[in-house]
Amino acid sequence: MTSAACDGTGSGAGSGGWWTEMVESTEQSGGFAGCPGTGRGRCWWRLAVLLLSASSLPAVTALVEGLYCGTEVCYDVLGVTREAPKAEIARAYRQLARRYHPDRFRPGEPGSEGETQETAHKKFLLIATAYETLKDEDTRRDYDYMLDHPEEYYQHYYAYYRRQLTPKVDVRVVILVTICAISIFQYYSWHSSYNEAINYLVTVPKYRIQATEIAKQQGLLNRTKEKGKNRRSKEEIREQEEEVIRDIIKNKIDIKGGYQKPNLSDILLCQIVLFPYYLTNYVAWYVSWVYRFTICREDYGDQEKLYIIRRYMKMSQSQFDSLEENTKQTFLEKQLWIKENYEVYRKDQEEEMKVKMATDPRMKRYRRWMKNEGPGRLTFIDD
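A quick note: this is a predicted structure, and the numbers were derived from the prediction, not measured.

### Observations regarding the overall build of the protein
(1) Moving on: A tally of regular secondary structure across the protein gives 19 helices and 0 strands.
(2) Moving on: By residue count, 26% of the 383 residues in the protein fall in the buried class.
(3) Moving on: The long-range share in the protein, meaning contacts at least 24 apart out of those at least 6 apart in sequence, stands at 54%.
(4) Moving on: Here the protein displays about 27,800 Å² of accessible surface, and carbon together with sulfur accounts for 55% of that area.

### Some remarks on the packing of aromatic side chains
(1) Moving on: Overall, the coordinates contain 17 aromatic pairs when judged by the stated rule.
(2) Moving on: Taking 6.2 Å as the distance between ring centres and 40° as the angle between the ring planes, the aromatic pair formed by Tyr-75 and Tyr-143 counts as tilted. A residue pair is termed long-range when its members are at least 10 positions apart, and Tyr-75 in helix 5 (residues 74-78) and Tyr-143 in helix 8 (residues 137-148) qualify at 68 residues.
(3) Moving on: Where Trp-285 meets Tyr-307, the ring centres are 5.2 Å apart and the plane angle is 75°; that geometry is what we call edge-to-face. With Trp-285 in helix 14 (residues 275-295) and Tyr-307 in helix 15 (residues 302-313), this pair connects stretches of sequence that are 22 residues apart.
(4) Moving on: Taking the ring centre of Trp-337 as reference, the NZ or CZ of Lys-305 above it sits at 4.2 Å.
(5) Moving on: Against the face of Tyr-312 rests Lys-339, its NZ or CZ located 4.5 Å from the ring centre.

### Considerations on the state of the cysteines
(1) Moving on: All chains considered together, the criterion is met by 1 disulfide.
(2) Moving on: Each disulfide pairs two cysteine sulfurs, and for Cys-69 the partner residue is Cys-74, the sulfurs being separated by 2.2 Å. The sign of the 115° torsion about the S-S bond sets the Cys-69-Cys-74 disulfide as right-handed.
(3) Moving on: Cys-74 gets classed as buried once you look at its relative accessible area, which sits at 0%.

### Quick word on the confidence of the model for the protein
(1) Moving on: Looking at the protein, the pLDDT average stands at 76 and 71% of residues meet or exceed 70.
(2) Moving on: By mean pLDDT, helix 1 (residues 2-7) is the weakest element of the protein at 39, and helix 14 is the strongest at 93.
(3) Moving on: Below pLDDT 50 for its whole length, residues 1-39 participates in 36 contacts with residues either more than four positions away or in separate chains.
(4) Moving on: Across residues 374-383, confidence stays below pLDDT 50; counting only partners more than four residues off in sequence or on other chains, it has 16 contacts.

### Notes on helix 12 (residues 234-252)
(1) Moving on: Helix length check: helix 12 (19 residues) gives 27 Å between terminal C-alpha atoms against 27 Å at 1.5 Å per residue, within 8%.
(2) Moving on: Where helix 12 is buried, its residues meet helix 10 (171-203) and helix 11 (205-217).

### Quick notes on the packing of helix 11 against helix 12
(1) Moving on: Packing of helix 11 against helix 12 leaves a shortest axis separation of 9 Å and a crossing angle of 105°. Accordingly, the angle class assigned to the pair helix 11 and helix 12 is roughly perpendicular. On helix 12, the residues that touch Tyr-207, Arg-208, Ala-211, Thr-212, Ile-214 and Ala-215 of helix 11 are Glu-242, Val-244, Ile-245, Ile-248, Ile-249 and Lys-252.
(2) Moving on: Taken together, the residues of the contact of helix 11 with helix 12 sort by class into 8 nonpolar, 1 polar and 3 charged.

### Quick look at unusual backbone geometry
(1) Moving on: Positive phi outside glycine occurs at Tyr-68, with the angle close to 55°.
(2) Moving on: The residue Tyr-68 is located in the loop between helix 4 (57-61) and helix 5 in this model.
(3) Moving on: By relative accessible area, Tyr-68 is classed as buried at 10%.
(4) Moving on: Even without glycine at this site, Arg-297 takes up a positive phi of about 60°.

### Considerations on the environment of Leu-63
(1) Moving on: The topology assignment puts Leu-63 in the loop between helix 4 and helix 5.
(2) Moving on: The class of Leu-63 is buried, set by a relative accessible area of 18%.
(3) Moving on: With 10 residues separating them along the chain, Leu-63 and Val-73 place their C-alpha atoms 7.7 Å apart.

### Observations regarding the nonpolar core
(1) Moving on: With 29 residues, the main nonpolar core has Leu-78 and Tyr-143 as its most contacted residues.
(2) Moving on: Among the elements of the structure, helix 5, helix 6 (86-100), helix 7 (117-135) and helix 8 are those that each provide at least two residues to this core.
(3) Moving on: Leaving out residues up to four positions away in the same chain, Tyr-143 has contacts with Leu-63, Tyr-68, Glu-72, Val-73, Cys-74, Tyr-75, Thr-133 and Leu-134.
(4) Moving on: In this structure, Phe-293, Ile-309, Leu-332 and Tyr-345 belong to the second largest nonpolar core, which totals 13 residues.

Parameters and conventions
Residues numbered from 1 in each chain as written. Predicted model: local features only at pLDDT ≥ 70, side-chain atom pairs only at ≥ 80, totals over all residues. Heavy atoms only, no water. Helix = DSSP H or I, 4+ residues; strand = E, 2+ residues; numbered from the N terminus. Buried < 20%, exposed > 50% of the residue type's maximum accessible area, 1.4 Å probe, protein only. Contact = heavy atoms within 4.5 Å. Areas by Shrake-Rupley, 256 points an atom, 1.4 Å probe, with all protein chains shown as cover. Phe/Tyr/Trp six-rings, centres within 6.5 Å; stacked < 30°, edge-to-face > 60°. Lys NZ or Arg CZ within 6 Å of the ring centre and 35° of its normal. Disulfide = S-S within 2.5 Å. pLDDT = per-residue confidence, 0-100. Expected span 1.5 Å × (residues − 1). Axes fitted to C-alpha atoms, helices over the stretch in contact; angles between N-to-C directions. Parallel < 35°, antiparallel > 145°, perpendicular 65-115°, else oblique. Nonpolar A, V, L, I, M, F, W, Y, C, P; charged D, E, K, R; others polar. Core = buried A, V, L, I, M, F, W, Y, C linked by side-chain atoms within 4.5 Å.

Right, here's the structure in full:
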């Protein structure tokens with residue numbers, strides 16, 4: 001056992017057994033007693049050589065099946081050096097692909113002696129893998145790092161499969177498609193809401209009578225006697241009249257709020273495209289506002305007063321536009337653009353709402369139910 005530990009000729013050499021024998025010998029003698037005293041320096045030198053050899057083993061085992069070109073070096077597969085540019089790599093790939101492509105390979109041709117259709121197909125797949133690895137800058141950088149740092153075994157597996165499983169689609173394309181899909185859904189939803197509002201207004205007697213009068217004035221509902229083949233049935237005439245009334249309501253009534261007529265400029269895609277334009281207009285408007293009303297101390301116009309009132313009420317532009325004109329005129333008469341006047345108006349509205357809720361019969365029944373029954377039961381007490 002002692003001599004095997006020194007000269008490395010024992011059965012454990014090369015497989016880790018030499019280290020076990022060395023440790024056992026050291027534990028028995030308190031040192032490397034198994035080596036002769038005159039050859040102790042030679043034993044240490046051989047130990048250093050063995051440790052250096054063991055440290056170089058990962059460089060060989062780093063090339064494994066399943067990563068890049070497997071146990072082959074991709075540069076060697078294409079016959080290029082690690083410093084080869086992309087043009088040289090592409091040229092080497094084209095030359096080898098023409099020789100080993102399954103559709104062009106012919107057994108017995110010069111340079112392909114001993115190759116079969118099956119081996120040529122496998123070699124072509126290896127050549128294609130090598131080219132796919134080296135043509136991309138990021139993948140090539142990961143592969144070079146693996147060759148230089150073979151000890152980071154699990155890191156190479158992570159880098160390889162992360163790139164393999166990452167979608168190849170450009171993120172910008174995904175974002176654009178998503179925005180287009182949202183915009184289409186927005187427009188379709190708004191168009192459906194607008195049609196629902198028109199269908200409802202057609203059934204309201206007030207608007208229906210007005211639309212009928214306008215249609216008669218324009219001569220759209222004057223029934224003429226039809227004879228022969230051109231004569232229409234009552235159902236067809238009624239459908240045409242309904243369509244005329246519907247068109248007049250569409251053109252004459254300006255629907256505000258969430259049921260307004262859809263506009264392409266309001267969808268998300270157009271908003272993003274026109275954002276620089278809107279931002280420029282807002283900055284110009286804000287600078288003009290500060291210059292006119294802060295620096296020059298100009299008096300507010302009606303539009304500016306309504307803007308201040310809308311900001312106090314925390315309403316969007318579409319919500320404020322849906323208000324009646326007489327309501328807006330009332331705001332101007334009460335001078336609600338002045339902060340103090342608006343605070344008084346807001347408190348009056350709150351008090352009025354409290355009184356209304358206190359006198360509402362439904363609220364009375366609800367309070368009596370909450371007092372007597374509570375939310376745990378569903379029995380209401382009528383007045």
